[in-house]
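Per-entry structural report
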Amino acid sequence: MCGIVGYVGPRDSQDILVAGLARLEYRGYDSAGIAVIDEGGSLAVRKRSGKLARLREALDTDPIGRGTTGIGHTRWATHGGPTDQNAHPHLADGDRLAVIHNGIIENFSELRKELQAEGVEFLSDTDTEVAAQLIGRAYRETGDLVAAFRAVVNRLDGAFTLLATHEDHPGLVVGARRNSPLVIGLGEGETFLGSDVAAFVEHTRHALAVGQDEIVAIRPGQVEVTDFSGNAVEPQPFEVSWDAAAADKGGWSSFMAKEVSEEPEAVANTVRGRIHDGEIRVPELDGLDDFFRGIDRIVVLACGTAYYSGLVGKYALEKWARIPVDVELAHEFRYREPIVSASTLVVSISQSGETMDTLMAVKEAARLGAKTLSICNTQGSTIPRESDAVVYTHAGPEVAVASTKAFVAQITALYLLALHVGRVRGALPADVSAEASEQLGALPEKIQWILDNEQERTEQLAHWMADTRSVLFLGRHVGYPIALEGALKLKEISYIHAEGFAAGELKHGPIALIEPGQPVFVVVPSPRGSITMHQKVVSNIEEIRARGARIIAIAEQGDSAVLPSADEVLRIPLASPLFEPILAVVPLHIFAMGLATAKGLDVDQPRNLAKSVTVE
Ligand code: F6R
């Protein structure tokens, strides 16, 4: 939530900041603003509620003079509604200091009272303005911006990335982070700060990670990092593995459309280099063999779509590695005195690597003595850095708020983990491993088949259903989490009521929702897997059809048993049962996108949401 960018260097900072914000807008789009120290040495600020386009308009009508130092912010509102006043930057020290912030300062109310008692008047409802005023007050005492940061950050509770620039110090931007992301970009004679590397990847792929509770001062081509006590710290360098073109729309109507089209590649890139002669070996897990042999339980932690990938992963981990697995919503795990031990492997799943709920749950698991492994899509992000090991999904940057290609890559990575751990523990027969490797290798082509052959029909169906008010999704076994994912995607971007159920649960209550015309998507298991399971789902279809439901079945090619009972059948290629979810979800992603598009909605930036949820 909230995108942050900072720049010092020889180029005009306004263009660089606005371009950086455009790439970060997926993090929040309630308002946007920039502060630049212009050539005359004055601090110029422009900020507007609404999307970045409104800030651009404001800059067109009232341009800022050339300046080479600046900060920019795109907001997902927490304290205070999305108004011009609440937009960042916030000013202090006689409007000579500008501050932007991502996160929530939990003790802001008492700090605000303290400042009000001294006569400070606040112009906004934000917690950020409190931080700005505190930094301004501390700066007035010493004239040292870094020292002022150090004095203030130690008084703040909660989560924050703060960036500031002061008229007295052109060529300097100071930042600090606690429980909220910040990375540094190193250019030729210029330096960047960003909530993530997307902020500066078009200028440089050389980056440094800023650690927890650290303060960073950037000058053109220079970086100084200290901890909150002022001790020097050596930041960890890394190279960004993708370029700016990967984060562009590249001719697609939306980022989501582009990212769904990249699902085959996301799976292929995640598998690449991890299959050797029919065996799965994940090089990042080398050295953990003894630990894997000794674990007695796996706990998977994640939120939203990533949580659903964990629910799918449970089937594979239990089948191939023969270890009991619990999958938990990260925010529920942390507050219920969870039981984990040194023989528990805690696997977190996160596209962004910044989700606060997941990060806090990982920290809690580590505190309780568990070993932590992160499945993550974003290099340099916090969760992998806080974990003992990481398996990256190589889905490439995901910009649309609704997660699609990262989801199929997350399931793929969980399968790789299950096969790797199963092999190490001697639980995986060679023929099962060889068959699974082959199935994994074949997935990209099969997903492509769905995109080539079923996309148009699925979009057409979505178009016809544009006035639908409620859609239900049913699945069984690995199809159940896919039903949940189908429902989440639809609510998230088309604002239609949608629910996912386990097909077997229907008769225990949800069947009461069925009335004539109610659309129900059913993820049908392969008849070549468990014939009983297939028959049971076909019986479920009959039960709801008898009550007037309109059935849209997602079934494998050649499954003729569903034809008489379904109104529509969307086909997926043949795959072993455990691999079906990675295929069955593709039409559901296309459907949600098609329906939101038919309703004229912004599929990339749905209302009230943000891509990276960095507040609890
Ligand atoms: C849904 C969606 C969210 C995220 C969730 C976790 O389309 O994108 O439900 O999956 O907020 O985010 P990450 O994976 O970044 O931890």
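Computed from a predicted structure; not experimentally measured.

Another aspect to go through is the overall build of the protein chain. Looking only at helices and strands, one finds 18 helices and 26 strands in the protein chain. Relative to its length of 616 residues, the protein chain is compact, with a C-alpha radius of gyration of 25 Å against a globular reference of 25 Å. Relative to its 616 residues, the protein chain shows a buried fraction of 62%. In the protein chain, of all internal contacts separated by at least 6 residues, the share reaching a separation of at least 24 is 72%. Summed over its atoms, the accessible surface of the protein chain is roughly 22200 Å², and 47% of this surface lies on carbon and sulfur atoms. With 57 positive and 83 negative side-chain charges, the protein chain shows a separation of 4 Å between the mean positions of the two kinds.

Residue Pro89 follows His88 across a cis peptide bond; omega there is 0°. Position of Pro89 relative to the elements: it lies in the loop between β4 (67–75) and β5 (90–92). Within the chain, Asp93 stands out as a residue other than glycine whose phi angle is a positive 50°. Positionally, Asp93 belongs in the loop between β5 and β6 (97–105). Phi at Asp95 takes a positive value of approximately 60°, unusual for a residue other than glycine. Residue placement: Asp95 occurs in the loop between β5 and β6.

The next thing to look at is the sheet that holds strand β18 (residues 325–329). Read from one edge to the other, the open sheet built from 5 strands follows the order β18-β17-β19-β20-β21, with strand pairing classed as parallel. Each edge of the open sheet is held by one strand with a lone partner, namely β18 and β21 (389–392). Adjacent strand axes in the sheet meet at a mean angle of 20° when their direction is disregarded. Here strand β20 (residues 371–376) runs beside β21; their pairing, made up of 4 bridges, is parallel.

Next up on the list: the pattern of salt bridges. Within this structure, the stated rule accounts for 28 salt bridges. In this structure, a network of salt bridges that share partners links the residues Asp93, Arg96, Arg140 and Asp168.

Ser350, Gln351, Ser352, Thr355 and Lys489 are the nearest of the 14 residues found near the ligand. At a separation of 2.6 Å, an oxygen atom of the ligand approaches a polar side-chain atom of Ser350. A distance of 3.3 Å separates an oxygen atom of the ligand from a polar atom in the backbone of Val401. About the coverage of the ligand: the protein hides 90% of its 410 Å² of free accessible area. Elements represented by at least two residues in the shell around the ligand include exactly α9 (304–321) and α16 (479–494).

Given a relative accessible area of 8%, Asp93 falls into the buried group. Side chain to side chain, Asp93 and Arg140 meet in a polar contact 3.3 Å long. Of the polar contacts made by the side chain of Asp93, one reaches the side chain of His166; its length is 2.7 Å. Apart from residues lying up to four places away in sequence, Asp93 is in contact with Gly136, Tyr139, Arg140 and His166.

A few words now on the sheet that holds strand β24 (residues 519–523). Strand pairing in a sheet relies on backbone hydrogen bonds. The paired strands run either parallel or antiparallel. If you trace the 5 strands from one edge of the open sheet to the other, you get β23-β22-β24-β25-β26, paired in parallel fashion. Pairing within the sheet leaves two strands with one partner each, and these edge strands are β23 (497–502) and β26 (568–572). For this sheet the average axis-to-axis angle between neighbouring strands, irrespective of direction, equals 20°. Helix α15 (residues 455–464) contacts β24, β25 (550–556) and β26 of the sheet and is inclined by roughly 150° relative to β26.

Right, let's talk about the environment of Tyr307 for a bit. The topology assignment puts Tyr307 in helix α9. Sequence spacing of Tyr307 and Val183 is 124 residues, and the spatial spacing of their C-alpha atoms is 26 Å. Among residues more than four places away in sequence, those in contact with Tyr307 are Ala302, Val327, Glu328 and Leu329.

Turning our eyes to something else, we now look at the packing of α15 against helix α18 (residues 580–598). Packed helix pairs are characterised by how far apart their axes lie and by the angle those axes make with each other. The interhelical angle for the contact between α15 and α18, taken along N-to-C directions, is 45°, at an axis separation of 8 Å. Considering the angle they form, α15 stands oblique to α18. When the axes of α15 and α18 are compared, the crossing they make is right-handed. Mapping the contact onto sequence places Gln455, Thr458, Glu459, Leu461, Ala462 and His463 in α15 and Pro587, Ile590, Phe591, Met593, Gly594, Leu595 and Ala598 in α18. Class assignment of the residues belonging to the contact of α15 with α18 gives a composition of 8 nonpolar, 4 polar and 1 charged.

Geometry of an aromatic ring pair is reported as the spacing of the ring centres plus the angle between the planes. This structure, assessed with the given rule, holds 10 aromatic pairs. Judged by centre distance (5.8 Å) and plane angle (55°), the rings of Tyr307 and Tyr308 are tilted. Neither Tyr307 nor Tyr308 differs from the other in exposure class; each is buried. Measuring from centroid to centroid gives 5.9 Å for Trp320 and Phe579, while their planes differ by 35°, and the two rings are tilted. Of this pair, Trp320 sits in helix α9 while Phe579 sits in the loop between β26 and α18, and the two are 259 residues apart along the sequence. Of the two residues examined, Trp320 and Phe579, each falls in the buried class.

Among the 9 residues that make up strand β7 (residues 158–166), 9 are buried, leaving the element largely enclosed by the rest of the structure. In this structure, β6 lies alongside β7, joined through 9 bridges in antiparallel fashion. Each residue of the ladder has a partner; that of Val99, found in β7, is Ala164. Pairing of β7 with strand β8 (residues 173–178), which is carried by 5 bridges, proceeds in the antiparallel orientation. The residue bridging Leu163 from the neighbouring strand is Gly175, located in β8. Adjacent in sequence and paired antiparallel, β7 and β8 are bridged by 6 residues, among which Gly171 carries a positive phi angle near 85°.

Now for the nonpolar core. The tendency in soluble globular proteins is for nonpolar side chains to be buried as a group. Counting residues in hydrophobic clusters, the biggest one holds 94 residues, and the most contacted among them are Phe292, Trp320, Leu373, Tyr415 and Phe521. Excluding anything up to four places from it in sequence, Phe292 contacts Leu285, Leu345, Leu373, His420, Val421, Val424 and Arg425. The next biggest cluster of nonpolar side chains, apart from the first, holds 32 residues, and it includes Leu97, Ile105, Phe122 and Leu145.

Considered domain by domain, the protein chain is made up of domain 1 (3–244), domain 2 (249–446) and domain 3 (454–616). Each of domain 1 and domain 3 was reduced to a C-alpha centroid, and the two centroids are 43 Å apart. The partner domain 3 presents 10 residues to the 14 residues of domain 1 that form the contact. At the boundary of domain 1 with domain 3, total buried surface from both sides reaches about 990 Å², with 52% on carbon and sulfur atoms. When the area that domain 1 buries against domain 3 is broken down by residue, the three leading residues are Tyr26, Tyr29 and Trp76, summing to 50%. Put simply, domain 1 and domain 3 have 1 salt bridge between them. Among the ionic pairs, Lys51 bridges to Asp602, the shortest N-O distance being 2.8 Å. Remark: the boundary between domain 1 and domain 3 carries 5 residue pairs in polar contact (both at pLDDT 80 or more). Looking at the side of domain 1 that touches domain 3 element by element, the count peaks at 3 residues for β6.

What counts, and where the lines are drawn
Here the residue index of a chain counts from 1 through its sequence in written order. It should be noted that, the model being predicted, local features are given only for residues of pLDDT at least 70 and side-chain atom pairs only at 80 or more, the latter also being counted only at that level, while totals for whole chains, interfaces and linings use all residues. Side-chain metrics rest on all non-hydrogen atoms present in the structure, leaving aside hydrogens and water. In DSSP terms, a helix is any run of H or I states spanning at least four residues, a strand is any run of E spanning at least two, and both are numbered starting from the N terminus. The size measure is the radius of gyration over C-alpha atoms, and the globule rule it meets is 2.2 Å times the number of residues to the 0.38 power. Each residue is assigned to one of three classes by its accessible area relative to the maximum for its type, calculated with a 1.4 Å probe on protein chains only: buried under 20%, partly exposed between the two thresholds, exposed over 50%. Here, residues are in contact when the closest pair of their heavy atoms is within 4.5 Å. Using a 1.4 Å probe, the Shrake-Rupley method yields the accessible areas, and only the shown protein chains count as cover for residues. Two residue types count as positive, namely Lys and Arg, and two as negative, namely Asp and Glu; His and chain ends fall outside the count. Every charge is mapped to an atom, namely NZ of Lys, CZ of Arg, CG of Asp or CD of Glu. Whether two strands pair comes down to DSSP finding at least two bridges between them. In this analysis, axes come from line fits to C-alpha atoms, helices being fitted only over the stretch in contact, and the angle between any two N-to-C directions falls in the range 0 to 180 degrees. We define a salt bridge as a contact between a side-chain nitrogen of Lys or Arg and a carboxyl oxygen of Asp or Glu at a distance within 4 Å. When we say a residue is near a molecule or strand, we mean one of its heavy atoms is within 4 Å of it. Any pair of nitrogen or oxygen atoms within 3.5 Å is treated as a polar contact; in protein, a donor-acceptor pairing is required on top of that, and neighbouring residues in sequence qualify only through side-chain atoms on both sides. Reported orientations rely on four angle classes, namely roughly parallel under 35 degrees, roughly antiparallel over 145, roughly perpendicular from 65 to 115, and oblique for the rest. Rotating anticlockwise by less than a right angle from the far helix to the near helix defines a left-handed crossing, while the corresponding clockwise rotation defines a right-handed one. Three residue categories are used. Nonpolar comprises Ala, Val, Leu, Ile, Met, Phe, Trp, Tyr, Cys and Pro, charged comprises Asp, Glu, Lys and Arg, and polar comprises the others, including Gly. Only rings of Phe, Tyr and Trp enter the pairing, Trp through its six-membered ring, and a pair is recorded when the two centres are within 6.5 Å. The plane angle decides the type: under 30 degrees is stacked, over 60 is edge-to-face, the rest tilted. Buried residues of nine kinds, namely Ala, Val, Leu, Ile, Met, Phe, Trp, Tyr and Cys, make up a nonpolar core once their side-chain atoms join them within 4.5 Å. Domain boundaries shown here were taken from an automatic or database domain assignment. The term buried area means the drop in 1.4 Å probe accessible area that two parts suffer when joined, counted for both and summed.

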